[in-house]
Amino acid sequence: MTHDDDRPTSAGHNTRLVRSGANPRGFHGFVNPPVYHGSTVLFPDTATMRSRGQKYTYALRGTPTTDALEEALDGLEGSAGTILLPSGLAAVTVPLLAFLSAGDHVLIVDSVYTPTRRFADSVLTRMGVAVEYFDPAVGEGLASLMRPETRVVFLEAPGSNTFEMMDIRAASGIAHAGGAVAMLDNTWATPLYFRPLEHGVDLSIHALTKYPGGHSDLLMGSVSANAATYDRLRDTQMALGINVAPDDTSLVLRGLKTMGIRLERHQESALQLAHWLEGCDEVARVLHPALPSFSGHALWKSQFSGSSGLFSIVLRGGGMTEAAAFLDALKLFGLGYSWGGFESLAVVADLSDRILAKAPSEGPVIRLQIGLEDVADLRADIENGLAAVNRLKD
Ligand SMILES: *Cc1c(COP(=O)(O)O)cnc(C)c1O
């Protein structure tokens, strides 16, 4: 326990973020934990070495720097233990490798992050795991998809690019009833707006690259586990020999301090733009869970305590030409992957791999990451994009 013992347990989330991962008394009063660069850790004698009676034994197994971030995330997720991985995608693949073996069956939500699907269709399939996708709208029907050899139910809510919502507690319950582990990619909400373990999920996955890092300057992932799944998760991480670099770890610790106030701004600006976009003729639909018009709104409202800065618009008609006209007219929104940083970004979503949760039929889907710029400027930029789409119609 490196947290201060007197930290307020019922504190609000900004207070918890400011206090998280801090142990000034352990480090000569310095507010932040030191950044330990290391591989070898020395032991005082053979007896200590043989008994492993020393907290740190080798940097792959953890340092005070990685411990600080793991404990900060445990505090936010309410987890028994957290592992850190060098990307969000590794935070998806390592728990799947930990809990799946040849002959097993995995159920994955069809609106999952595309690289998660690619991993399942390539590596998991090659390992001899039967991979099956389910409709995010499956509801209680998920139970009928469970097989005796189903070991993992993999969830993501809201869904990537199209933001489908699910009843997480119901899905986790079905997984457990069949003897499977429930994993959820919680990157969109962060632990501030959704705490999966409180809804029955065993393993909560994050791309720390996004809001926790917050500055588009690093890649990292985390998996926060309940007591039942933590040892197997940690053992697999160590067997694979994967941990994270100290400088990036300290950047995520830094990012966490401001994540609450950044998210408030991302949320507020995204909602303002989403509401405005709903009234624009060029837009057929806005896919944002916090909009009352959105099909998954009730499920979002009953489970989540906030929304972040990522949502999509469906253009009214057209295809790639119209999407490109919109995107190429933008000057503030960058064209680039990832999200959760300070800057606004836009991409056209490729939903061609969907089997069940099909792409909207009205027109192309454009995903917007609303950054920390002034919302009036972002709105003017989007207006330019929509005007470029209109010019194609003349
Ligand atoms: C970005 C993202 C990831 C992967 O994170 P990287 O750090 O880019 O590998 C995983 N899941 C979701 C939902 C993401 O948006």
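The preceding data block contains the structure.
This section reports on the structure supplied with the text.

Rules of the game
Note on numbering: residues in each chain are counted from 1, in written sequence order. Totals for whole chains, interfaces and linings use every residue, but because this is a predicted model, local features are given only for residues with pLDDT of at least 70 and side-chain atom pairs only at 80 or more, for both listing and counting. Excluding hydrogens and water, the side-chain figures rest on all heavy atoms present in the structure. In this scheme, strands are said to pair when DSSP sees at least two bridges between them. Numbering goes from the N terminus for both helices and strands, where a helix is a DSSP run of H or I of at least four residues and a strand is a run of E of at least two. Here an axis means a line fitted to C-alpha atoms, over the contact stretch when the element is a helix, while the angle between two N-to-C directions is reported on a 0 to 180 degree scale. Classification of residues uses two cut-offs on accessible area relative to the type maximum, computed with a 1.4 Å probe and protein chains only: under 20% is buried, over 50% is exposed, and between them is partly exposed. Note on handedness: a crossover is taken as right-handed if, strands pointing away from the viewer, the path from the first strand over the helix to the second is clockwise. When a carboxyl oxygen of Asp or Glu is within 4 Å of a side-chain nitrogen of Lys or Arg, the pair counts as a salt bridge. Only protein atoms enter the 1 Å grid used here. Points where a 1.4 Å probe fits but cannot escape make up a cavity, open sets with protein on both sides within 12 Å along at least five of seven lines make up a pocket, and a residue lines them when an atom lies within 4 Å of a point. Grid points are joined across faces, edges and corners, and a volume is the space filled by probe spheres set on the points. Polar here means any residue outside two lists: the nonpolar Ala, Val, Leu, Ile, Met, Phe, Trp, Tyr, Cys and Pro, and the charged Asp, Glu, Lys and Arg; Gly therefore counts as polar. Each domain's extent is set by a domain assignment, obtained either automatically or from a database. Expected helix span is given by 1.5 Å per residue-to-residue step, counting one fewer step than there are residues. Between N or O atoms, a polar contact is any pair within 3.5 Å; within protein, one atom must be a potential hydrogen donor and the other a potential acceptor, and residues adjacent in sequence are included only when both atoms are from side chains.

Here's the deal with the sheet that holds strand β6 (residues 203–207)
Logical step 1: One open sheet holds the 7 strands; their spatial order is β1-β7-β6-β5-β4-β2-β3, and the pairing between them is mixed. A single partner strand is all that each edge strand has here, and the edge strands are β1 (81–85) and β3 (130–134). Taking each pair of neighbouring strands and ignoring which way they run, the sheet shows an average axis angle of 20°.
Logical step 2: Of the strand pairs in this sheet, strand β2 (residues 105–109) and β3 are connected by 5 bridges, and their pairing is parallel. From the neighbouring strand, I108 faces β3, where its bridge partner is Y133.

A closer look at the pairing of β2
Logical step 1: By the criterion of burial, β2 is predominantly enclosed, with 5 of the 5 residues buried.
Logical step 2: Residues H105, L107 and V109 of β2 are buried on one face, and the alternating residues V106 and I108, pointing to the opposite face, are buried as well.
Logical step 3: In this fold, the crossover linking β2 to β3 by way of helix α5 (residues 114–126) has right-handed handedness.
Logical step 4: Relative to strand β4 (residues 150–156), β2 runs parallel, the two being bridged by 4 bridges. In the strand pairing of β4, V106 is matched with V152.

Points about unusual backbone geometry
Logical step 1: Geometrically, the link from A157 to P158 is a cis peptide bond, its omega value of -5° lying close to zero.
Logical step 2: Examined against the element boundaries, P158 turns out to sit in the loop between β4 and α7 (168–177).
Logical step 3: Of note, the phi angle at F163 is positive, near 65°, even though the residue is not glycine.
Logical step 4: Looking at the secondary structure, you find F163 in the loop between β4 and α7.
Logical step 5: Taking the relative accessible area as the measure of exposure, F163 reaches 1% and is therefore buried.
Logical step 6: Of note, the phi angle at T190 is positive, near 60°, even though the residue is not glycine.
Logical step 7: Within the secondary structure, T190 sits in helix α8 (residues 190–193).
Logical step 8: By relative accessible area, which is 1% here, T190 ends up buried.

What about the pattern of salt bridges?
Logical step 1: Tallied over the entire structure, the rule returns 10 salt bridges.
Logical step 2: Of the charged contacts in the structure, one is a salt bridge between D374 and R265, with a shortest N-O distance of 3.6 Å. Taken as a pair, D374 in the loop between β12 (365–369) and α13 (375–393) and R265 in helix α10 (residues 246–278) lie far apart in primary sequence, 109 residues in all.
Logical step 3: With a shortest N-O distance of 3.3 Å, R379 and E383 are connected by a salt bridge. Of this pair, R379 and E383 both sit in helix α13, 4 residues apart, which is roughly one turn of that helix.

Thoughts on the layout of surface pockets
Logical step 1: By volume, the largest pocket amounts to about 790 Å³.
Logical step 2: What lines the largest pocket is a set of 36 residues, and nearest its centre among them are Y113, T114, P115, Y337 and R367.
Logical step 3: Looking at the lining of the largest pocket, the elements with two or more residues in it are α4 (88–99), α5, β6 and β11 (345–348).
Logical step 4: Taken together, the residues that form the lining of the largest pocket break down as 17 nonpolar, 12 polar and 7 charged.
Logical step 5: For the lining of the largest pocket, the two domains that each supply at least three residues are domain 1 (13–255) and domain 2 (259–393).
Logical step 6: A volume near 330 Å³ is recorded for the second largest pocket.
Logical step 7: Around the second largest pocket, the lining comprises 22 residues; the ones closest to its centre are P136, A137, E164, M165 and S295.
Logical step 8: Of all the secondary-structure elements, those providing two or more residues to the lining of the second largest pocket are α7 and β8 (283–287).
Logical step 9: Classifying every residue of the lining of the second largest pocket gives 13 nonpolar, 4 polar and 5 charged.
Logical step 10: Mapping the lining of the second largest pocket onto the domain boundaries places at least three of its residues in each of domain 1 (13–255) and domain 2 (259–393).

Details of α4
Logical step 1: If you check α4, its first and last C-alpha atoms are 18 Å apart, about what 12 residues at 1.5 Å a residue would give, namely 16 Å.
Logical step 2: Where burial is concerned, most of α4 is hidden: 10 out of the 12 residues are buried.
Logical step 3: Within α4, burial applies to G88, A90, A91, V92, T93, V94, P95, L96, A98 and F99.
Logical step 4: Between the side-chain oxygen at the start of α4 and the backbone nitrogen of L89 there is a gap of 3.4 Å, and the oxygen is on S87.

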